[in-house]
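Breakdown of the fold
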Amino acid sequence: MKLRLRAFLTMGLILWLLVNPLTMLTGQMAAMPLPGNDQELLAHQKAVDMLNKLTPEERVGQLFVVTFTGAAVDERSQVYDLIAHQHVGGLMLLRSNDNFNNTTDVRSQSYDLTVTLQNMEWNASQNGTEKTAIPQLTPIAPSQYIPLFIGVSQEGNSAPYDQLLSGATSLPSLMSIGATWDTTLSRQVGQVMGEELSALGFNLILGPSLDVLSPSSMSSDGNNLGVRSFGGDPYWVSKMGQAYIAGLHTGSNNHLAVIARHFPGGGSSDRSPEEEIATVRKSLEQLKTMELYPFFAVTGKATTVDSLSDGVLVSHIRYQGFQSNIRATTRPVSLDTSALEMILNLPEFSVWRQNGGLTVSDDLGSPALKRFYESSGTFDPTQVAREAFYAGNDLLYINRMQGANDPDVYTTTVHTLQFFTQKYRSDPEFARRVDAAVLRILMLKYRLYPTFDLNQVLPDTQAWMQVGNSAAAQKVVRDVARQSVTLISPDANELLNVLPQPPGLHNRMVYITDVQAVAQCSTCVEQVSLPADGLQRAVLNLYGANATGQVSHTSMSSYSFTDLMKMLNQNAADAAGANKNQAGAGGTSSTPAPVTLEDDLKRADWVVISMLEPDSGAPDTLAFKRLLREQPQKLRDKKVIVFAFDAPYAMDATDISKITAYYALYSKTSPFIDVAARVLFQEMLPSGALPISVPGAGYDLIWATSPDPVQNIPLTVDSTVASALGTATPIPATTIESTPSLQTYGLKDIISLRTGVIYDHHHKPVPDDTPVSFLITVTTSTGTFNQQVDKVTTDGIARFSYRIDQAGVIDIHATSGGARSDSVHLDVSRGEAVPTFVVQPTQSPIPPTSTPQPTVTITATASPQPTAVPLPPPPSVQVKDWLFAVILLSILTAAVTWWGIRREITRWGLRWALCGLIGGLVAYNYLALGLPGTVSLLQQMGSEGVLIVTFLGISAGWMVGMAWRQFSPKSAARGSTLADRIITGDRKTITGPKQ
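Residues numbered from 1 in each chain as written. Predicted model: local features only at pLDDT ≥ 70, side-chain atom pairs only at ≥ 80, totals over all residues. Heavy atoms only, no water.

1. A short note on the overall build of the protein chain
To keep it simple, the criterion reads: To qualify as a helix, a DSSP run of H or I must reach at least 4 residues; to qualify as a strand, a run of E must reach at least 2; elements of each kind are numbered from the N terminus. Contacts are assigned to residue pairs that have any heavy atoms within 4.5 Å of one another. Method for areas: the Shrake-Rupley scheme with a 1.4 Å probe, in which residue coverage is limited to the protein chains shown.
Secondary structure assignment for the protein chain yields 32 helices and 30 strands. In the protein chain, the share of contacts with a sequence separation of at least 24, taken over all contacts with a separation of at least 6, comes to 75%. If you sum the accessible surface of the protein chain, you get close to 44000 Å²; carbon and sulfur atoms cover 55% of it.

2. Examining the environment of S268
Basically, it comes down to this: In this scheme, a residue with accessible area under 20% of its type's maximum is buried, one over 50% is exposed, and one in between is partly exposed, where area comes from a 1.4 Å probe on protein chains only.
Relative to the helices and strands, S268 is located in the loop between β5 (257-263) and β6 (278-281). A relative accessible area of 15% places S268 in the buried class.

3. Regarding the packing of helix α18 (residues 471-484) against helix α25 (residues 670-680)
Inclusion rule: Simply put, an axis is a line fit to the C-alpha atoms, just over the touching stretch for a helix, and the angle between two N-to-C directions goes from 0 to 180 degrees. Note on angle classes: values under 35 degrees are labelled roughly parallel, values over 145 roughly antiparallel, values of 65 to 115 roughly perpendicular, and the remainder oblique. Here a crossing is called left-handed whenever its near helix is offset anticlockwise from the far helix by less than a right angle, and right-handed whenever the offset is clockwise. Throughout this entry, Asp, Glu, Lys and Arg are counted as charged residues, while Ala, Val, Leu, Ile, Met, Phe, Trp, Tyr, Cys and Pro are counted as nonpolar. The remaining residues, Gly among them, count as polar.
In the contact formed by α18 and α25, the axes pass within 9 Å of each other and the chain directions differ by 40°. Here α25 runs oblique to α18, going by the angle between their axes. Every pair of crossing elements has a handedness; the one defined by α18 and α25 is right-handed. Residues V477, R478, V480, A481, R482 and S484 of α18 lie in contact with α25, whose contacting residues are P671, F672 and V675. Looking at the contact of α18 with α25 residue by residue, the class counts come to six nonpolar, one polar and two charged.

4. Regarding helix α8 (residues 234-251)
What counts is decided by this rule: The span expected for a helix works out to 1.5 Å for each residue beyond the first. Within 3.5 Å is the distance limit for a polar contact, defined as a pair of N or O atoms, with the added protein rule that one can donate a hydrogen and the other accept it, and that residues adjacent in sequence qualify only through two side-chain atoms.
Taking 1.5 Å per residue, 18 residues should reach 26 Å; α8 reaches 25 Å between its end C-alpha atoms and fits that length. Within α8, 16 of the 18 residues are buried, which leaves it mostly tucked inside the rest of the structure. Of the residues flanking the start of α8, the one acting as N-cap is D233, its side-chain oxygen 3.0 Å from the backbone nitrogen of Y235. Among the residues trailing α8, N253 stands out with phi positive, at a value near 60°.

5. Quick notes on the confidence of the model for the protein chain
For residues with low pLDDT, the predicted coordinates do not support detailed interpretation. Applied cut-off: As a per-residue quantity, pLDDT reports the predictor's confidence and falls between 0 and 100.
With 79% of its residues at a pLDDT of 70 or more, the protein chain shows a mean pLDDT of 82. Predicted confidence for residues 844-874 stays below pLDDT 50, and this span has 54 contacts to residues more than four positions away or in other chains.

6. A closer look at the state of the cysteines
Worth spelling out the cut-off: Our working definition of a disulfide is a cysteine sulfur pair at a distance within 2.5 Å.
A complete count under the given rule lists one disulfide for this structure. The disulfide partner of C521 is C524, and the gap between their sulfur atoms is 1.9 Å. On the sign convention where negative is left-handed, the bridge of C521 and C524, at about 95° about the S-S bond, is right-handed. Summarising the burial analysis for this pair, C521 and C524 share the class buried.

7. Some words on the sheet that holds strand β20 (residues 715-717)
Spelled out, the test is: Two strands are said to pair when DSSP picks up at least two bridges between them.
The sheet built from three strands is open, its strands ordered β20-β23-β26 with antiparallel pairing. Where the open sheet ends on each side, the last strands, each with one partner, are β20 and β26 (799-803). Sheet twist, expressed as the average angle between the axes of neighbouring strands with direction ignored, equals 30°. In terms of strand pairing, β20 meets strand β23 (residues 750-755) through three bridges, oriented antiparallel. Each bridged residue has a counterpart across the sheet, and for L715 the counterpart in β23 is T755.

8. A short note on the pairing of strand β4 (residues 204-209)
Within β4, six of the six residues are buried, leaving the element largely enclosed by the surrounding structure. Two elements, β4 and β5, share four bridges in a ladder whose sense is parallel. When the bridges of β5 are listed, S209 appears paired with R261.

9. A short note on the packing of aromatic side chains
The relative placement of two aromatic rings is captured by the distance of their centres and the angle of their planes. The condition that has to hold: Think of it this way: a Phe, Tyr or Trp ring, Trp meaning its six-membered ring, pairs with another when their centres are within 6.5 Å, and the plane angle makes it stacked under 30 degrees, edge-to-face over 60, tilted otherwise.
Under the criterion given, the structure shown has 24 aromatic pairs. Judged by centre distance (6.2 Å) and plane angle (40°), the ring pair of Y319 and F322 falls under tilted. Here Y319 falls in the buried class, since its relative accessible area comes to 1%. Under the relative-accessibility criterion, F322 is labelled buried at 4%.

10. Quick notes on a nonpolar patch on the surface
Just so we agree on the cut-off: Patch membership requires more than 30% relative accessible area and the absence of a salt bridge. Residues of like charge join within 9 Å; the nonpolar side chains Val, Leu, Ile, Met, Phe, Trp and Tyr join within 5 Å. Think of a salt bridge as a Lys or Arg side-chain nitrogen and an Asp or Glu carboxyl oxygen that are within 4 Å of each other.
On the surface, a cluster of nonpolar side chains totalling about 360 Å² of accessible area is made up of F884, I887, I891 and L947. By residue number, the principal contributor to the nonpolar patch is helix α27 (residues 879-902), which donates three residues. Here I887 shows up in helix α27.

11. Here's the deal with the nonpolar core
Our working rule: To define a nonpolar core, start from buried Ala, Val, Leu, Ile, Met, Phe, Trp, Tyr and Cys residues and group those joined through side-chain atoms within 4.5 Å.
Counting 215 residues, the largest nonpolar core has L117, F263, F624, F643, Y663 and L680 as its most contacted members. When residues in this core are grouped by element, the largest group, twelve residues, is from helix α16 (residues 428-448). If near-sequence neighbours (up to four positions away) are discounted, Y663 is found in contact with T486, L487, I488, L495, L499, I641, V642, F643, A644, V679 and P686. With 26 residues, the next largest nonpolar core counts L715, I758, V789 and I810 among its residues.

12. Some thoughts on the side chain of D760
Here D760 is to be found in the loop between β23 and β24 (771-780). Every residue in contact with D760, bar those within four places of it in the chain, is listed here: A704, T705, S706, P707, D708, P765 and V766.

13. Structural notes on the pairing of strand β27 (residues 809-816)
The buried count for β27 comes to six of eight residues, which makes it a mostly enclosed element. Relative to β27, β24 is paired through seven bridges, and the arrangement is antiparallel. Paired with V778 across the strands is I810, a residue of β27. Turn length for the β27-strand β28 (residues 819-827) hairpin, with the two strands adjacent in sequence and antiparallel, is two residues, and the turn residue G817 shows positive phi of about 55°.

14. Some remarks on the pattern of salt bridges
Inspection of every chain in the model, using the stated rule, returns 27 salt bridges. Put simply, R331 and E387 hold a salt bridge, and the shortest N to O gap is 2.9 Å. Residue R331 is found in the loop between β8 (317-320) and α11 (337-344), and its partner E387 is found in helix α14 (residues 381-391); the two are separated by 56 residues along the sequence. Owing to a relative accessible area of 30%, R331 belongs among the partly exposed residues under this scheme.

15. As for helix α7 (residues 183-199)
The end-to-end C-alpha separation of α7 is 24 Å, in line with the 24 Å expected for 17 residues at 1.5 Å each. Of the residues flanking the start of α7, the one acting as N-cap is D182, its side-chain oxygen 2.9 Å from the backbone nitrogen of T184. Backbone geometry just downstream of α7 places G201 in the positive-phi region, at approximately 100°.

16. As for unusual backbone geometry
Cis geometry is adopted by the peptide bond preceding P208, which originates at G207 and carries an omega value of 5°. Within the fold, P208 resides in strand β4. For the bond from R261 to H262, the omega torsion is -5°, close enough to zero to count as cis. As for its placement among the helices and strands, H262 is situated in strand β5. Of note in this structure, N157 is not a glycine but carries a positive phi near 70°. Here N157 is to be found in the loop between β3 (149-152) and α6 (174-180). Using a relative accessible area of 5% as the deciding quantity, one classes N157 as buried. Residues other than glycine seldom take positive phi values, yet Y666 does so here, at roughly 75°. Structurally, the position occupied by Y666 is in the loop between β18 (661-664) and α25. In this structure Y666 comes out as buried when scored by relative accessible area, which is 0%.

17. Comments concerning the environment of Q527
Position of Q527 among the secondary structure elements: in strand β14 (residues 527-528). Overall, the relative accessible area of 26% leaves Q527 in the partly exposed class. C-alpha of Q527 to C-alpha of A517: the two residues are ten residues apart in sequence and 5.4 Å apart in space. Once residues lying within four places of it in the same chain are set aside, the contact partners of Q527 are N102, L165, Q516, A517, V518 and Q520.

18. Observations regarding the sheet that holds strand β12 (residues 509-513)
The mixed open sheet is built from six strands, whose spatial order is β11-β18-β17-β16-β12-β15. Across the chains shown, the open sheet's two edge strands, defined by having one partner strand only, are β11 (486-489) and β15 (556-560). Here the average twist between neighbouring strands, direction ignored, is 20°.

The structure is reproduced here in structure tokens:
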């Protein structure tokens, strides 16, 4: 029995040692987080343990983030039922639902509300519930405590896309950040946002938007994204998005889940996503190069852990020609299983998904989605939620989803949760899907809070008081305002001709502003972020009598677009002979315009217009465009200055031709108004650049981000080597001046070259994948040969390697978009030589270099460039190594066993064989598990190293076995009893001595 037990245990150990590494190598653990990230592995294990403790109701509840109405919450409220009885996973707080008000400090109210909601979840999980707003629900027992997601959509630039209109720092719009072309500022703004939201108790944010704006969608009737995107170049949207997300994470101390929107990209849509489902005519391949590019950058291609988005918000958008069939159109991608699955299976997303990347549906109760369903049938909320879940959304966001027979959204939400719970109990496949989604959700919550403890979840009791009061945060906003302001028209070289002097003391100035009032809640007092006299007050503060005295308040007057529209209506009525008290066509009010407006316009020397985004549904916002179209003579011989405090593409070429200067500010908060005043008085020169195309101004973003031909591209020997993990390590001593390199090159050698940073027209590094051509001219005794090799840039730099395969004089230079590099000259006609670099004089512009005949053109893909993150996987044991190790173990084990039988010590032969086998497997598993010291060994020796280490392990096992025999009692060593010899098969005992 002892021998059998030993044999059983030994075989079990051997089987585990063999199967475990093979399982790892064949990818059976693909659903687990990446090996080596202890935090992710721990979060996964905690999530699995928690999932196993949850009831079906608790599992289903985690799938939903819902909304509620009002700011008062108690045990009789509907939100209490949603938390305590329905176990919802999260809540979104919105202005439109009156979750905030300005009767008290909005900061303290927000803090109190988030703390109260988290306490509700804690108390229900610990003590159960007794009271309920729904009579038919019975009290429930204590449940598992899982912190709530408490989310908010805070995009910057105040209303309409901010939920907190006061108290918190008024941060700039994403487009104003994009206009700075400075990723450091993007990160700093994100950090302020993350710090303040976390201090108020929010742990989830829907944003930032990673849409890439297309020129075709930029109109007042377009997709209405306005300044909610970083811009129109996928590379720069990616860079800004990475930095902003990293800032959100670091600012919140990684207590804020970031959900990037609007996946898979709505920058090309032709209408507002709130009103109607937009259709975009693009294939998946086209989406990969434009719309999806920024989402790749914050998922599978994230450069740092901090820049990794926790999830993506899946938008309700349709694609025509998605699979190259132009006649086929997807359903809204948030509901289309095939389309969404195809996108998420792309390599850039697949690993991110396997490691917990979350998909969040956009609002399933949006008017656009409801209209889509009603156009072909009925809107059934439970079926909509089911379809969204089956399509691949892990977290379902419900805001305005109300069934036809339900009295309110709350009742519909409860019915939907009950439907999901019933289906979970009856449908095993549905239950499997729910468990997989809940596992991702729990993993994210464990990343936010490694321990589900209320004290860890609640924000600091004092931190909220600092929200909005940080001098550092205000400085960041001012920096963005100063660096983003952009001169759209005229050209900077012409500006001094049309505006040789700023306004003076005796100049009369009229300010006309698009004033849009908003409120924190439905019963709150309205407030305006851009008052009618806002710019005038900023000018007087800086240049008035109490400052420099350049202007006087008596020569200034301010009006709103509503006042301007009234004047236009009156003029139209007068022209038609109508009564002045009757509104004209297109008017919004029959109230007479101020008599002074028309008089002030006649006397004005300067007319300063402050524009927001025109809206065809609000005619007053179109007042200035109407003035330009109907009565341009009122602006004749005046300096007309237009500041766009919102989208900069609202004016067409004809409109722009009628004004003196056109500036983009992109945001309407106080620091941007202050900057506009400084620009108006020429104290500050605009330093920003448009991050989107503006056809009306003749500005093309593709041209702007292409290489500036008026530059000399440095060219040098590439003195970098790839380290063990793929990072670049500089090697000193290679000069990038026109002096020779110290290294010599001869036949069969390879010379590696790299350009310096290639700059675009804004003097920023050109986007990745910008084409660069390396032109090689080889002059030999038999003639001259030319060759061209095409590469692309990474971080503005292109690299190229050339093998010297014939003796002669070699000249190499690079060109990109009309810009030319230095030339490298290498004479290897008589042996080895040192390369010399000749700096090319810059010209304006440099024409493309023509290539003499004969020409050999070779098009090559870009050489792999070292990047910091994500790092390539370290060298590891492969399946072939496992096979070789098993073969080696089998041969040596069999050999030792056979040797023991031949030497008539069968017992010790078997023992030695097993010791060697165990030693070899232990050594092999040490490599397969990637334990310390294995990476460098595998890098240096590869598969050969695996076999050597395995053999050393076998040898160590043999030595242990020999020591075992050496120090064991003689009776055990010699098998003294007949029974022992029979059991071990000792031939000498059985057969006796030879006769």
